[in-house]
Amino acid sequence: MIKTVSTNPYGDQKPGTSGLRKKVPAFQQKNYAENFIQSIFDSLEGFEGQTLVIGGDGRYYNREVIQKAIKMAAANGFGRVLVGRGGILSTPAASNIIRKYKAFGGIVLSASHNPGGPTEDFGIKYNVGNGGPAPEKVTDAIFARTKVIDSYKIAEVADVNLDLESSHQVENMTVTVIDPVADYAELMESLFDFAAIRKLIAGGFRVVFDAMSAVTGPYAKEIIERRLGAPKGSVMNFIPLPDFGGHHPDPNLVHARALYETMMAPHAPDFGAASDGDGDRNLIIGKGIFVTPSDSLAMLAANAHLAPGYAKGLAGIARSMPTSGAADRVAEKLGIGLYETPTGWKFFGNLLDEGLATICGEESAGTGSNHVREKDGLWAVLLWLNILAVRKESALDIARKHWATYGRNYYSRHDYEEVDTDAANGLIAALRDKLASLPGKSFGALAVANADDFSYNDPVDKSVSKNQGIRILFKGGSRVVYRLSGTGTSGATLRVYIERFEADSARHDLDTQAALGDLIAVADEIAEIKKRTGRDAPSVIT
Ligand code: G1P
Ligand code: ZN
């Protein structure tokens, strides 16, 4: 039986760049998740009888919302739901399933790298038929709908058993519980030279992958241990837990510290990597070297042709504006396009769909390609392994040679988390007011060449996205960027991105924070970070 439940609108359910993110107790309010899911369906047209993909990163409340989504999809007229066994689908795997099975779209349940648990974060995101995050016009429509929604439809049926791969009938809809890993593993095998990587590993090359008790565990076990032959134990923390073992499933140098220390120790393995809560981010650490995501994008782009899936070369490279300019130098040398987009993976969708870009990346540990429409953590790890297997050099040697060829972009991001919202907004507003007066001014040896608030003109759909981050460009190519996070769930997060280009290879082994010291001081001077936030130091430095 299909029931229509009347309800009240909330109006605060603004889906940001990564869907709707709130604490679990917010989602547990009566009708809250249902209202949001119905608002998604009400904003779509033509899904009658079509396929919907549903899955999540296994965090707390995942299974409950999946059951609601299945029953609501049936009541709203979808023809089929494909759901990952155990409610599991990594974000890139969900993107692949949507594309491969020509689904109408998908609901991905995750709060990415944020902690999970009864009082931690949860999220609902809608992906469209190309497998990518819903574009702004769709998320705007969803938001508008949440303000007026007054009822939702749900099938009154028993829960579906998510732990058995089988098909069920829910009203007029079929629900098929699928293996969450198989299609993804097959896709990776089609892109990379598994035989070469197997040979490398069989020859004693040691890989460690930390799944951070999050969604990539089953994927990495299957691919790295079973298919590529890495010894058992190479994949750590491989069981997805609802609270990620109490950890923060964010593969950065703070939350993946143990892995970093392992990789810097005297008898370190050859290659270390990690991925986040929902499997779209990556951390790459070679023996004795942390590869920054911006550098990783540039190095992967420069070497991608060594993997079978990219043997024909790249059409173009896209990076988010705050990501360092290292990739620009590779694009220039390859004679291909370089696209600079606002923060958020959704801006790459059109470039990938139109074949303008093949590889994309963000400084926030997201790298990916046209194989899906999300960033993909394990993909980046496997491309690195493929390159290492073909070049037969260490990651450190590859990085050094890369810098010698292209120069090095020293780069760091300073995050000030849970800052007072008014203080953060005030800081950005004051910067905006100051922009016109900055060019020509000098701060010590640093002279401002240009200052603006980044605006993006999408070359495909011609849409314009304004106010995407304050950029201060100095003579010589150094740069400071300021923007407020769109994904935090409490207070505001101020992100400051600092970059300096160094052509001289005699100066490629400096400590990053030291190399950026004068810029860091100027970044504070211009924006009055300490004064306005009351913080002496960033909460996180990456
Ligand atoms: C952050 C990252 C951004 C990424 C997004 C979703 O967004 O900075 O690159 O696309 O998470 O993973 P922010 O919190 O900065 O808005
Ligand atoms: Zn993520």
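Just so you know, the residues in each chain are numbered from 1, in the order the chain's sequence is written. Whichever chain is written first is A, and whichever ligand is written first is 1; the rest continue in order. Local features in a predicted model are, by the rule used here, given only for residues with pLDDT of at least 70; side-chain atom pairs are given and counted only at 80 or more, and totals for whole chains, interfaces and linings are based on all residues. Where side-chain values are given, they derive from all heavy atoms of the structure, hydrogens and water being excluded.

## Topic: the coordination of the zinc ion (ligand 2)
Our working definition: Each metal site lists N, O and S donors within 2.8 Å (3.2 Å for Na, K and Ca). With water left out of the atoms, a site can look as if it is missing ligands. Accessible area is worked out with a 1.4 Å probe on protein chains only. A residue is then buried under 20% of its type maximum, exposed over 50%, and partly exposed in between.
Distances from the zinc ion (ligand 2) to its protein donors, namely Ser112 (OG), Asp276 (OD), Asp278 (OD) and Asp280 (OD), fall within the range 2.0 to 2.1 Å. Mapped onto the sequence, the residues coordinating the zinc ion (ligand 2) show the spacing S-x163-D-x1-D-x1-D. Relative accessible area serves as the criterion here: at 5%, aspartate 280 is assigned to the buried category.

## A look at the environment of alanine 211
For clarity, the cut-off: Elements are defined by DSSP. Helices are runs of H or I of four residues or more, strands are runs of E of two residues or more, and each kind is numbered from the N terminus. Two residues qualify as a contact provided that any one of their heavy atoms is within 4.5 Å of a heavy atom in the partner residue.
Assignment of secondary structure puts alanine 211 in the loop between β10 (207–210) and α8 (216–227). Separated by 26 residues in sequence, alanine 211 and asparagine 237 have C-alpha atoms that sit 5.4 Å apart. The contact partners of alanine 211, leaving out residues within four places of it in the chain, are Thr216, Gly217, Met236, Asn237, Phe238 and Ser275.

## A word on the site of ligand 1
As a reminder, the rule being used: Think of it this way: one heavy atom of a residue within 4 Å of a molecule or strand is enough to make that residue near it. Pairing of N or O atoms within 3.5 Å defines a polar contact, subject to two protein rules: one partner must be a possible hydrogen donor and the other a possible acceptor, and residues neighboring in sequence count only if both atoms are side-chain atoms. The protein chains shown are the only cover counted for residues, whose accessible areas, like all others here, come from Shrake-Rupley with a 1.4 Å probe. Gly falls in the polar group here, along with every residue not listed as nonpolar (Ala, Val, Leu, Ile, Met, Phe, Trp, Tyr, Cys, Pro) or charged (Asp, Glu, Lys, Arg).
In the region of ligand 1, 14 residues are neighbours, and Ser364, Ser485, Gly486, Thr487 and Arg495 sit closest. At 2.7 Å from an oxygen atom of ligand 1 is found a side-chain nitrogen or oxygen belonging to glutamate 362. One of the backbone N or O atoms of glycine 486 is found 2.6 Å from an oxygen atom in ligand 1. Contact with the protein chains removes 97% of the 380 Å² of surface that ligand 1 exposes when unbound. Here the residues of the shell around ligand 1 sort into no nonpolar, 7 polar and 7 charged.

## So, a nonpolar patch on the surface
Worth spelling out the cut-off: Patches here: salt-bridge-free residues with over 30% relative accessible area, like charges joined within 9 Å, nonpolar side chains (Val, Leu, Ile, Met, Phe, Trp, Tyr) joined within 5 Å. A carboxyl oxygen of Asp or Glu within 4 Å of a side-chain nitrogen of Lys or Arg is what we treat as a salt bridge.
Together, Phe238, Ile239 and Leu241 line one region of the surface with nonpolar side chains, adding up to about 250 Å² of accessible area. Take isoleucine 239: it is sitting in the loop between β11 (235–236) and α9 (257–264).

## Details of the packing of aromatic side chains
For any pair of aromatic rings, geometry is given as the distance between the ring centres together with the angle between the planes. Put simply, the rule reads: Within 6.5 Å between ring centres, the rings of Phe, Tyr and Trp (the latter by its six-membered ring) count as paired, and their orientation is classed by plane angle as stacked under 30 degrees, edge-to-face over 60, tilted in between.
As enumerated under the stated definition, the model contains 13 aromatic pairs in all. Between phenylalanine 41 and phenylalanine 78, the ring centres sit 5.3 Å apart and the planes meet at 55°, which makes this aromatic pair tilted. One end of the pair, phenylalanine 41, is in helix α2 (residues 32–42); the other, phenylalanine 78, is in the loop between α3 (62–76) and β4 (80–88), with 37 residues separating them in the sequence. By the burial criterion, phenylalanine 41 is buried, and phenylalanine 78 matches it.

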